[in-house]
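Given next are the chains, with one letter for each unit.
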Amino acid sequence: MTHQQISLPAFNPPEPGNEQLGMFLYQMQLLRRFEEKTGEMYTKGKIRGFLHLYTGQEACAVGALNALREQDRIVTHYRDHGHALARGVDANRIMAELFGRVDGVSGGRGGSMHLYDVSKGFLGGYAIVAAHLPLAVGLGLAAKMQNEDRVALCIFGDGSVGEGEFHEALNLSVLWKTPVIFFCENNLYGMGVRFAESLSTQIPTLAAAYNMPAVSINGMDVLEVYRETQKAVQYCSTGNGPYFIEAMTYRYRGHSMADPELYRLKDEIEQYRKRDAIEALKQHMMERGMLDEGGWQDVVSRVDHAVDEAVAFADASPEPGLDTLYDRLMAEPANG
Amino acid sequence: MAELRMRDALREALREEMIRDPRIFLMGEDIGAYGGSYAVTKGLLDEFGEDRVKDTPIAESGIVGVGIGAAMAGLRPMVELMTINFSFLALDQIVNSAAKLHYMSNGQISVPLVIRMASGGGSQLAATHSHSLEGLYAHFPGLNVVCPSNSADAKGLLKRAFRDENTTIFIEHTAIYGVKGEVPDDPDFLVEFGKANILRAGTDVTIVGYSGSVHPALRAAALLEEDGIDAEVIDLRTLRPLDIDTVVASVKKTNRAVIVEDDWKFGGFGGELSAQIMERAFDWLDAPVARVSGKDVPMPYNRNLEFAALPSEEDVAEAVHAMM
Ligand SMILES: Cc1ncc(C[n+]2csc(CCOP(=O)(O)OP(=O)(O)O)c2C)c(N)n1
Ligand SMILES: [Mg+2]
């Protein structure tokens, strides 16, 4: 079987500057600390239900979300705190959502797996594997039909690839040339199953078979993710249809807080920690004189402060009143 | 007023709404070049073009998902699922996304989507192709479930569905696509959701049906009249929202209720309706609520067996006689 080779228009986005790298570093540290804190809050019983931590994968969210424009839209899966934070959704309100409080982004009705902030184009975390892939095609289709220059970024895990909706969505997206970036965070596992044991081929091979550009990138390198996603935005927003990115990454913690992690060795985790994306960016910046130890300590303390503030905010937010149980079940009908 | 078959009334509703609202577009398997499996969308591709009338791959979950996404982004899509039998493949999208996004997002997202599907048995299509699942969809909070029994309601309800901010499951019984009925010409003719229709007033027993089952109910009322029994026949029109008030008021007058439905009895919508009647009108009932339903088997192909598996006017009349 031959791959369809799509020739990409030449596009070399400018290298991110000093200030932007500083922001990436801050955001990645924020995602890291935020998740460490949510894990802690889970063990304290402040957060319940399923909680899927994002630690290890920060470069994916920070690289991809920062490549988007304000008008673009995002749908993602249930491991969504990092994506929401990188999109600029208020950390306080995300934490309040995890606590199930009224000031949460979804008023305490969604919880960890279902974060929404429409004002930021953040159209949700989706907890049914691959269910949001067709939705992203619909978002892209709508933008196209309304003559709006908006790209839909659709983030999902390697586990989605086995679902029929993955294939339906890719096919429809190419058929209808919808501006969708399919962004697969391949962290090697779908819960405890290695992706190589659940897929008979390579992920980009599949995507390319549907006739779209498909690349596999280092998802532990925020600069590479940023650059490749910028290319994808450029490609999609100029009427070419969808673009597929597989970002190779790794999650440090279990699948969820309930995971005993019987399926992998501690050594494997240690190997990946040596390639830590935050450390890598820190090194990159220090080697170029863009950051010194004092600057790094400043990032750390600003992030710690923001995360502590998020917990305080969430804790102070009231529980939703029981009289709101039936509110907003149905949207008000329009007048036509 | 014009005399229209139900399929033509539905097409008129689609046309008028597409002309009224440029955000509306149609997607589905064979709705374009083929004209729709039941010819509801015939001619619409020529009139509106392929941007607004899209033939899709055979991918039920995918196209419902695309419809949800497009609705979230401000369009008014209609997805035709060919038949209700294939809607199982889209069930997750309908239940977990379309029905829940408004609630889960605390009102930030709405999914104004119309999903049309043909339903029902009686055409010897056997077990995989003869479902009546109105009650299944009515089970899910967050959806509208609409199932007209005649041309005027088909038009008025479909037009109403396009003016709603929520997802509407719009179910069309295949046995009545060709049945003619008077339909108002007014382009603003709408039939409200949650308003049952008393098709025949009576004093002795209340017979409740929806979608195709309204027809055996009406024929049973004619049979009963010959025996001196005056039946009231109610067409629910929409199962969600449900107009239980009209049913209860009728039962309080007639003191008897028979529910007619094509769907399986076990765990079906008739059970829900029966329970609600008992909760609200127990002291008025002179007999237990009766259900005349499809038999609890996969639909057989053989003509006689299929007939036996579906409710008939004789079955309804017999149930009424048994409670008098
Ligand atoms: C349709 C469906 N099947 C099963 C599950 C249970 N489940 C939740 S997450 C998950 C693994 C998904 O792995 P992947 O897509 O690689 O994402 P990751 O958790 O690695 O980020 C499974 C099986 C589900 N949520 N939805
Ligand atoms: Mg995975």
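Residues numbered from 1 in each chain as written. Chains lettered and ligands numbered in written order. Predicted model: local features only at pLDDT ≥ 70, side-chain atom pairs only at ≥ 80, totals over all residues. Heavy atoms only, no water.

Explain the coordination of the magnesium ion (ligand 2) to me, using residue names and the numbers behind them.
Distances from the magnesium ion (ligand 2) to its protein donors, Asp-158 of chain A (OD), Asn-187 of chain A (OD1) and Tyr-189 of chain A (O), fall at 2.0 to 2.1 Å. Accessibility expressed as a relative area gives 5% for Asn-187 of chain A, which makes it buried. (Donors = N, O, S within 2.8 Å, 3.2 Å for Na, K, Ca; no water. Buried < 20%, exposed > 50% of the residue type's maximum accessible area, 1.4 Å probe, protein only.)

Let's hear about the sheet that holds strand β13 (residues 257-264) of chain B: which residues, and what values?
Residues and elements named next belong to chain B. If you trace the five strands from one edge of the open sheet to the other, you get β9-β11-β10-β13-β14, paired in mixed fashion. For this open sheet the edge positions go to β9 (197-200) and β14 (290-294), each flanked by a neighbour on one side alone. Neighbour-to-neighbour, the strand axes of this sheet turn through a mean angle of 25 degrees, independent of strand direction. Where β13 lies against β14, four bridges are found, and the strand directions are parallel. (Pairing = 2+ DSSP bridges. Helix = DSSP H or I, 4+ residues; strand = E, 2+ residues; numbered from the N terminus. Axes fitted to C-alpha atoms, helices over the stretch in contact; angles between N-to-C directions.)

Quick rundown of empty space enclosed by the protein? Include the residues and the values.
Inspection of the entire model under this criterion finds four cavities of 30 Å³ or more. There is about 130 Å³ of room inside the largest cavity. Together, 14 residues line the largest cavity, and Ser-130, His-131, Ser-132, Trp-264 and Met-299 of chain B are the ones closest to its centre. Among the elements that take part in the lining of the largest cavity, β13 of chain B stands out by supplying three residues, more than any other. A breakdown of the residues in the lining of the largest cavity according to their chemical character gives seven nonpolar, four polar and three charged. Two domains each provide a minimum of three residues to the lining of the largest cavity, namely domain 1 (2-183) and domain 2 (197-323) of chain B. Put simply, the second largest cavity is a space of about 50 Å³. Around the second largest cavity, the lining residues are Leu-329 of chain A together with Ala-98, Ala-99, His-102, Ser-110, Val-111, Gly-142, Glu-165, Asn-166 and Thr-167 of chain B. Residue composition of the lining of the second largest cavity, grouped by class: four nonpolar, five polar and one charged. (1 Å grid on protein atoms, 1.4 Å probe; cavity = no way out; pocket = protein on both sides within 12 Å on 5 of 7 lines; lining within 4 Å. Points joined across faces, edges and corners; volume = space filled by probe spheres on them. Nonpolar A, V, L, I, M, F, W, Y, C, P; charged D, E, K, R; others polar. Domains from an automatic or database assignment.)

Could you give an account of the packing of helix α8 (residues 214-226) of chain B against helix α12 (residues 313-323) of chain B, with specific residues and numbers?
Residues and elements named next belong to chain B. Contact geometry for α8 and α12: axes closest at 8 Å, N-to-C directions at 55 degrees. Put simply, α8 runs oblique to α12. For the crossing formed where α8 meets α12, the hand is right-handed. Contacts between α8 and α12 involve Pro-216, Arg-219, Ala-220, Leu-223 and Leu-224 from the former and Glu-313, Glu-314, Val-316, Ala-317, Val-320 and His-321 from the latter. For the contact of α8 with α12, a count of residues per class yields seven nonpolar, one polar and three charged. (Parallel < 35°, antiparallel > 145°, perpendicular 65-115°, else oblique. Left-handed = near helix turned anticlockwise from the far one by under 90°. Contact = heavy atoms within 4.5 Å.)

Report on the sheet that holds strand β4 (residues 180-186) of chain A, specifying residues and quantitative values.
Within a sheet, each strand pairs with its neighbour through backbone hydrogen bonds, oriented either parallel or antiparallel. Residue and element names in this part refer to chain A. A sheet is described by the order of its strands in space; here six strands give the open sequence β2-β1-β3-β4-β8-β7, paired in parallel fashion. In this open sheet, the two edge strands, each paired with only one partner strand, are β2 (122-126) and β7 (214-218). Here the average twist between neighbouring strands, direction ignored, is 15 degrees. Pairing of strand β3 (residues 152-157) with β4, which is carried by six bridges, proceeds in the parallel orientation. Opposite Gly-157, over in β4, you have Glu-185 as the bridge partner. Along the sheet, helix α6 (residues 164-175) makes contact with β3, β4 and β8 (243-248), crossing β4 at roughly 150 degrees.

Provide a residue-level description of the pairing of strand β2 (residues 24-28) of chain B, including the pertinent values.
Residues and elements named next belong to chain B. For β2, the buried fraction is high: five of the five residues fall into the buried class. Covered by surrounding structure in β2 are Ile-24, Leu-26 and Gly-28 together with Phe-25 and Met-27, the residues of both alternating faces. As paired strands, β2 and strand β4 (residues 76-83) are joined by five bridges and run parallel to one another. The residue bridging Phe-25 from the neighbouring strand is Pro-77, located in β4. Bridge analysis of β2 against strand β3 (residues 53-55) gives three bridges, and the strand direction is parallel. Of the residues in β3, the one forming a bridge with Leu-26 is Val-53.

Which residues make up the interface of chain B and chain A, and what values do they have?
Between chain B and chain A, the contact holds 45 residues from the first and 39 residues from the second. In total, chain B and chain A occlude about 3500 Å² of area from one another, counting both sides; carbon and sulfur atoms represent 65% of this. Area buried by chain B at its contact with chain A is led by Tyr-103, Met-104 and Gln-108 of chain B, which between them contribute 19% of it. Along the contact surface separating chain B from chain A lie zero salt bridges. Taken together, the links from chain B to chain A amount to 13 residue pairs in polar contact (both at pLDDT 80 or more). When contributions to the side of chain B that touches chain A are tallied by element, the ones reaching two or more residues are β2, β3, α3 (60-72), α4 (91-98), α5 (101-104) and β6 (143-146) of chain B. For the side of chain B that touches chain A, the element with the most residues is α3 of chain B, which contributes 10 residues. (Buried area = accessible area lost by both parts, 1.4 Å probe. Salt bridge = Lys/Arg side-chain N within 4 Å of Asp/Glu carboxyl O. Polar contact = N/O pair within 3.5 Å; in protein donor to acceptor, adjacent residues only side chain to side chain.)

Before we move on, can you summarise the pattern of salt bridges with the specific residues and values?
Two side chains that carry opposite charge are able to pair once their charged atoms sit near each other. As enumerated under the stated definition, the model contains 38 salt bridges over all chains in all. Between Arg-101 of chain A and Asp-315 of chain A there is a salt bridge; the shortest N-O distance is 3.8 Å. Taken together, the residues Arg-101 of chain A in the loop between α4 (91-98) and β2 and Asp-315 of chain A in helix α12 (residues 293-316) connect sequence positions 214 residues apart. On the accessibility criterion, Arg-101 of chain A (11% relative accessible area) is buried. Taking the relative accessible area as the measure of exposure, Asp-315 of chain A reaches 37% and is therefore partly exposed. The closest approach of N and O atoms between Glu-16 of chain B and Lys-159 of chain B, which form a salt bridge, is 2.7 Å. With Glu-16 of chain B in helix α1 (residues 6-20) and Lys-159 of chain B in helix α7 (residues 151-161), this pair connects stretches of sequence that are 143 residues apart. Of the two residues, Glu-16 of chain B and Lys-159 of chain B, both sit in the buried class. Here the residues in one salt-bridge network are Glu-12, Glu-16, Glu-17, Arg-20, Lys-155, Lys-159 and Arg-163 of chain B, joined through shared partners.

Could you give an account of helix α10 (residues 266-273) of chain A, with specific residues and numbers?
In an α-helix, one turn spans 3.6 residues; hence positions three or four apart end up facing the same way. Residue and element names in this part refer to chain A. Of all the positions in α10, only Glu-268, Ile-269 and Tyr-272 are classed as buried. Each buried residue of α10 lies within a common arc of 100 degrees when the element is viewed along its axis, so the set occupies one face. Exposed and oriented more than 90 degrees from the buried face of α10 are Lys-266 and Asp-267. Contact partners of the buried residues in α10: β5 (189-190) and β6 (193-194). (Arc of directions from axis to C-beta.)

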